[in-house]
Amino acid sequence: MKYSDYGKWTARATAWIERYFSTLPDQPVRAQTSVGDIAARLPQSPPDAPADMDVIMADFERIVPDGLTHWQHPRFFAYFPANAAPASMIAEQLTNAIAAQCMLWQTSPAATEVETVMVDWMRQALGLRDGFVGVIQDSASSATLSAVLTMRERALDFQGNTTGLSNTPRLRIYTSEQVHTSVDKAAWVAGIGQDNLVRIPTDENHAMRADALQDAIDADRAAGYTPAGLIMCTGGTSIGACDHLPPLIKIAKAEGLYTHLDAAWAGSAMICPELRHIWAGVDDCDSIVFNPHKWLGAQFDCSIQFLSDPAPQLKTMGIRPSFLETQGADEVTNYNEWTVPLGRRFRALKIWFLIRAYGLDGLRTRIRNHIKWAEMLADKLRNEPDFTITTDCRFSLFTFQYTPTGGDADTATAALLERINDDGRIYLTQTKHDGKFCIRFQAGQFDCTRDDVMLAYDVIVELARG
Ligand SMILES: *Cc1c(COP(=O)(O)O)cnc(C)c1O
């Protein structure tokens, strides 16, 4: 296959994609294959001879679709959404074709400059104050790792990268039990260690308690440890918990801690001004991550990290060997200096296409609908005698249990979840909250309608009682 054949084969792929989307609502949302089914359909060794693209496409159609869980299915209510709005898919196709490495300004000035402008568009869209700058990373995990590395280096007077960590003080990072495991992993990888990720108790709303944070910092200082950072969340993964930021940031500032806010999922909702009170105080964070690749509609991967001052992160991760110098242009932005990986994709293009194609108004309408419909569903289940809402809607996420009289709720809920996902009309996942096995429901898929959400009610009730 040659570049000149590209049109022919994209047409074939596009025809498949159109068929895929038109039949998607009739497919089970979660793959119904068993472990090893798909691998067994593949040859055990790579071919020596080239194959025609039509043979490759036919094999793709025969082997792959059965083993797909359909993230773009309108009744995908599991985890969090990973939306790929059509306009962003088109931008990705262009990015694929250009295939530039966007590590330096010089390696594709358009990529760097569109990225700078798109990050600022998103800053304005989210209502963040003037002065935040940022970078597009692959995932929130990478952005959080970048923030944790910055916390470490800042606390070590930027010596850790040079000396290693063997003889350094014991650094401490504070967070709650509601944050995503990417925070744990960042602590592992950055050499902070799980034991130094201090879980601050939460209040009745599952928000971190400021008094408990202060106590923990005081105790750590008394023990000779070095407090380095604070990680908060707006929309935690399990139940959508939101920290109340101002008192926490106030303590962090007084104690000299670097602050990072994980709003990977819920950040998208902040394009709606009426929701911004939930993260009031956000303008005082040092670092914020949010994923346009979740609810907003930008194809994975696309995670924006906003920084109030990029200097500490650049000091932590900027490395400029002579082969990466840009002759005669030292003042340009070289985004590789902001992140762990050197190579970078041209991700900003899909944000541009996304916002242009739907407008912020179109994106806002979707988010408002998802929240409204999730609340309607929660209310309907609340009115059923054998269901209990375990956590109320935070944005478009709530959790519930199936609580028939006489049975064990955890067992009944787990069994119901299995029946639901084997049935395939909707897809839901679980969480453990306050020791209870709960089913999570979130509405957020880009094409999801009110009818899709209401069908979830029918399926849940039917399979509980059937
Ligand atoms: C999804 C999510 C993450 C992880 O995001 P990746 O981009 O997959 O690394 C982290 N935190 C929260 C709150 C999330 O919802």
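Criteria and thresholds
Residues numbered from 1 in each chain as written. Predicted model: local features only at pLDDT ≥ 70, side-chain atom pairs only at ≥ 80, totals over all residues. Heavy atoms only, no water. UniProt positions renumbered as here; feature names shortened; annotations may be inferred. Near = heavy atom within 4 Å. Areas by Shrake-Rupley, 256 points an atom, 1.4 Å probe, with all protein chains shown as cover. 1 Å grid on protein atoms, 1.4 Å probe; cavity = no way out; pocket = protein on both sides within 12 Å on 5 of 7 lines; lining within 4 Å. Sits in = over half its atoms within 2 Å of the grid points. Helix = DSSP H or I, 4+ residues; strand = E, 2+ residues; numbered from the N terminus. Nonpolar A, V, L, I, M, F, W, Y, C, P; charged D, E, K, R; others polar. Buried < 20%, exposed > 50% of the residue type's maximum accessible area, 1.4 Å probe, protein only. Contact = heavy atoms within 4.5 Å. Polar contact = N/O pair within 3.5 Å; in protein donor to acceptor, adjacent residues only side chain to side chain. Axes fitted to C-alpha atoms, helices over the stretch in contact; angles between N-to-C directions. Parallel < 35°, antiparallel > 145°, perpendicular 65-115°, else oblique. Left-handed = near helix turned anticlockwise from the far one by under 90°. Points joined across faces, edges and corners; volume = space filled by probe spheres on them.

Looking at an unreviewed UniProt entry, one finds the chain named Amino acid decarboxylase and attributed to Paramylibacter kogurei. Under the UniProt heading Sequence similarities (unreviewed entry), the entry covering the chain gives this text: "Belongs to the group II decarboxylase family."

Caption draft 1: Looking closely at the site of the ligand. Neighbouring the ligand are 14 residues, the closest being Ala140, Ser141, Asp262, Asn291 and Lys294. Relative to its free-state accessible area of 390 Å², the ligand is covered by the protein chains to the extent of 87%. Placement of the ligand is best described as lying within the second largest pocket. Mapped onto the shell around the ligand, the elements with two or more residues apiece are helix H5 (140–155) and helix H10 (292–296). Looking at side-chain class alone, the shell around the ligand contains 4 nonpolar, 8 polar and 2 charged residues.

Caption draft 2: Structural context of the environment of Arg30. Along the chain, the position of Arg30 falls in the loop between helix H1 (6–23) and helix H2 (53–63). On the basis of relative accessible area, Arg30 is assigned to the partly exposed category, the value being 23%. A C-alpha to C-alpha distance of 8.4 Å links Arg30 and Phe76, two positions 46 residues apart in sequence. The contacts of Arg30, once residues within four sequence positions are left out, are Leu68, Thr69, Asn421, Asp422 and Tyr427. Engagement of the side chain of Arg30 in a polar contact is seen with the backbone oxygen of Asn421, the distance being 3.4 Å.

Caption draft 3: Main features of the packing of helix H13 (residues 409–423) against helix H14 (residues 450–465). Contact pair H13 / H14: the axes reach a minimum separation of 10 Å and the direction vectors enclose 120°. As judged from the angle between their axes, H13 and H14 are oblique. Relative to H14, H13 is oriented so that their crossing is right-handed. Residues Leu416, Arg419, Ile420 and Asp423 of H13 form the contact with H14, whose participating residues are Val459, Ile460, Leu463 and Ala464. When its residues are assigned to classes, the contact of H13 with H14 shows 6 nonpolar, no polar and 2 charged.

Caption draft 4: Representation of the layout of surface pockets in the model. Here the largest pocket defines a volume of roughly 950 Å³. What lines the largest pocket is a set of 32 residues, among which Trp16, Ile17, Phe21, Met89 and Gln299 lie closest to the centre. Those elements giving two or more residues to the lining of the largest pocket turn out to be H1, H2 and helix H3 (86–98). In terms of residue count, the dominant contributor to the lining of the largest pocket is H1 (10 residues). A class-by-class count of the residues in the lining of the largest pocket yields 20 nonpolar, 9 polar and 3 charged. Forming the boundary of the second largest pocket are 28 residues, of which Tyr79, Phe80, His180, Thr237 and Lys294 lie nearest the centre. Those elements that provide at least two residues to the lining of the second largest pocket are H5, H10 and strand S10 (429–433). Ranked by residues supplied to the lining of the second largest pocket, first place goes to S10 with 3 residues.

Caption draft 5: Structural detail: the packing of H3 against helix H12 (residues 348–382). One can describe the packing of H3 onto H12 by two numbers: an axis separation of 8 Å at closest approach and a directional angle of 150°. One way to sum up the angle between H3 and H12 is to call them roughly antiparallel. Judged by the sense of rotation from one axis to the other, the crossing of H3 with H12 is right-handed. Along its contact with H3, which presents Pro86, Ala87, Ser88, Ile90, Ala91, Glu92, Leu94 and Thr95, the element H12 presents Leu349, Lys350, Phe353, Leu354, Ala357 and Tyr358.

Caption draft 6: Up close: the side chain of Ser287. Within the fold, Ser287 resides in strand S6 (residues 287–290). By relative accessible area, which is 0% here, Ser287 ends up buried. A polar side-chain atom of Ser287 sits 2.7 Å from a polar atom in the side chain of His260. Of note is the side chain of Ser287, whose polar atom sits 3.0 Å from the side chain of Gln305. Those residues in contact with Ser287 that lie beyond four places of it in its chain are Ala147, Tyr258, Thr259, His260, Leu261, Gln305, Phe306 and Leu307.

Caption draft 7: Representation of the UniProt feature "modified residue: N6-(pyridoxal phosphate)lysine" (unreviewed entry) in the chain. Taken from the UniProt record, the annotation "modified residue: N6-(pyridoxal phosphate)lysine" (unreviewed entry) applies to Lys294. Locating Lys294 in the fold gives a position in helix H10. With relative accessibility at 18%, the residue Lys294 sits in the buried group.

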